[in-house]
Amino acid sequence: MAWLKSLKPAAVVEELKGRIASLQQQWRGSRRENEQLREENEQLRERREELEKERDRLREENEKLKQQLEQALRASKRQAAPFSRGQRKQNPQRPGRKPGADYGHHHRKRIPEQIDEAIAVAPPAQCPDCGGALQWEDTQAQYQQEIVRNTIWRRFDIPICRCTVCRRRVQGRHPLQTSNALGAAAVQLGPEALALGVHMNKGLGLPHADVAAVLQHGYGLQVSRSTICRAVDRIARRGQATWKALREAARRSLVNGIDETGWRVDAQLRWLWAVVSESVTFCDILPGRGFEQAASLLGEDYDGWLTHDGWAVYYKFLKAAHQSCVGHLIRRCRDMVAVATLAAARFPLQVKDLLEQALRLRDRYKENKISRHGLWTATGRLEAKLDRLLERSYRDAANRKLAKHLRHERPYLFTFLYCPGLDATNNVVERILRFLVVVRKNWGGNRTERGAHVQAVLTSILATAKQQGGNPIELLVDLLCSAEKDKLLHIVPKVVGVCESASAADGRVVQAATAKPDQAAEMRFPGFAEVPVLPDWLPSAGTVSIFNSA
């Protein structure tokens, strides 16, 4: 039994107990680790689900943005329907006016006082339905205004004389002649035909080939593209003095709208600038869009009111009072809301609503529903609301960018409310540029610098004539038939003591040579019945730069 004593059972039991305790402790540790891993696994599973949801949301937003981008690219290339609003309504209203009394007042053309040609219409021989005989009952009149396509040839018998003193050759000139050329250049087009061709090219945007086709097919005139091109250049040379006078008139105007758009000259980028006042439009094509180019139009010391789209260059007119276009900001907010999330859309919606309140306040003042003091009090409240919006910080990048822009534009947003009579937008300039953009799409710009200058001169003259309600063809005929080298057309406003030889458009005399805002009670501005008026608590007469302060 000696081997039983060597086993020592008590020691074996203790050893087994220690091993069991160690295994139990390892098992407990493994269990805790398993529980931690299980918890981490659940957290990772929840995180994965959140990421999957975020991925799905981003994928949907990405698809939405791709569709919007595709629609925008298609819309930019499809000019046939620029008025399209996208998705059609399920139950659209019937087009046209409502029948019955809701139609409103019916208008029709007046019967002419003078008839140039009367045509007796023969009665039908028999009834078209049954073939029966017809009995006359009454005669009714129908009037038709028609174009007579009649091309005539004129011959001018020009006397050639010689001065008995200096022996200079002198020849006569008729008011219908467009030049003194004889010999090989004796066969020419008349002033009416040339003026019509130039108006179709620069006033209506038709290319030279289309103008030549209209004159050939419509009137039987054998005209080439080069003939129209030379006529355009000739009229521009004769309109040079008028173009310069329009620039001076724009510099004297108390209120101007200014804008620019891209233009191509010899396939190189240039900028077409437009300045529009009450009765004058001045355009020029320049190599840049900086302050140097803007100052060449209005002068560095321009001290009137200036409405524009907020381009930083315009604020370098330190003596001018500025109005930043409210329409551009409203359109920007509307575009932001269309692509923003629900939370991010709050800020642009608030800004849009505040600006629209300002426009409604302006309309109330125009309708005499609110006094000037009430207008300025309400304007102060709007400014306080805008300041509270701009004091906040925004997480969305687009909102931060908009807020930064509004903080810069803050002093120039409500000038039209503090100065009743000032336009809140630069729509008058946008309408001029809209036509020029269409022209740019037709032929892409100009091939030479000379052609760009011709474009600027004739655009200024024709746009000013349209602005004043004049006949552009009569103006072009006047330029073509004038023997004066520096003829000033009547569209140039007359300035007392500055340009006594130029007549005022529509009989109006614009005394703006030294006029200040408080001295121009008789002047009117686009869309308003009164001149801009400074508040009583602001300095007047030449210190309109108060609005330039930050």
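Everything below is about the structure shown above.
The shown structure was predicted, so the numbers you read here are calculated from the model rather than taken from an experiment.

Draft legend 1. Up close: the overall build of the chain. Counting its regular elements, the chain contains 15 helices and 7 strands. The proportion of buried residues among the 550 residues of the chain is 36%. Carbon and sulfur atoms form 51% of the exposed surface of the chain, whose accessible area is close to 36,600 Å².

Draft legend 2. Main features of the packing of aromatic side chains. Following the criterion strictly, the structure yields 5 aromatic pairs and no others. Plain terms: the ring middles of Trp 273 and Tyr 314 are 6.3 Å apart, the flat faces sit at 85° to each other, and that makes the pair edge-to-face. Here Trp 273 is found in strand β4 (residues 268-276), whereas its partner Tyr 314 is found in the loop between β6 (305-308) and β7 (321-324), with 41 residues between them in sequence. Accessibility classification places Trp 273 together with Tyr 314 in one group, the buried group.

Draft legend 3. How the structure looks around the sheet that holds strand β5 (residues 281-286). The 5 strands are arranged β5-β4-β3-β6-β7 in an open sheet whose pairing can be described as mixed. Strands with a single pairing partner mark the edges of an open sheet, and in this sheet they are β5 and β7. Neighbour-to-neighbour, the strand axes of the sheet open up by a mean angle of 25°, direction not taken into account. With 9 bridges connecting them, strand β3 (residues 255-265) and β4 associate as antiparallel partners. Residue Gly 257 lies in a different strand from β4, and its bridge partner there is Val 276. Where helix α6 (residues 240-252) meets the sheet, its contacts fall on β3, β4 and β5, and the angle it forms with β5 comes to roughly 110°.

Draft legend 4. Molecular detail of the environment of Pro 348. On the secondary structure map, Pro 348 appears in helix α9 (residues 346-366). Accessibility expressed as a relative area gives 0% for Pro 348, which makes it buried. For the pair formed by Pro 348 and Asn 399, sequence separation is 51 residues and the distance between their alpha carbons is 7.3 Å. Apart from the residues within four sequence positions on either side, Pro 348 is in contact with Cys 333, Met 336, Val 337, Asn 399 and Leu 402.

Rules used in this analysis
Residues numbered from 1 in each chain as written. Predicted model: local features only at pLDDT ≥ 70, side-chain atom pairs only at ≥ 80, totals over all residues. Heavy atoms only, no water. Helix = DSSP H or I, 4+ residues; strand = E, 2+ residues; numbered from the N terminus. Buried < 20%, exposed > 50% of the residue type's maximum accessible area, 1.4 Å probe, protein only. Areas by Shrake-Rupley, 256 points an atom, 1.4 Å probe, with all protein chains shown as cover. Phe/Tyr/Trp six-rings, centres within 6.5 Å; stacked < 30°, edge-to-face > 60°. Pairing = 2+ DSSP bridges. Axes fitted to C-alpha atoms, helices over the stretch in contact; angles between N-to-C directions. Contact = heavy atoms within 4.5 Å.

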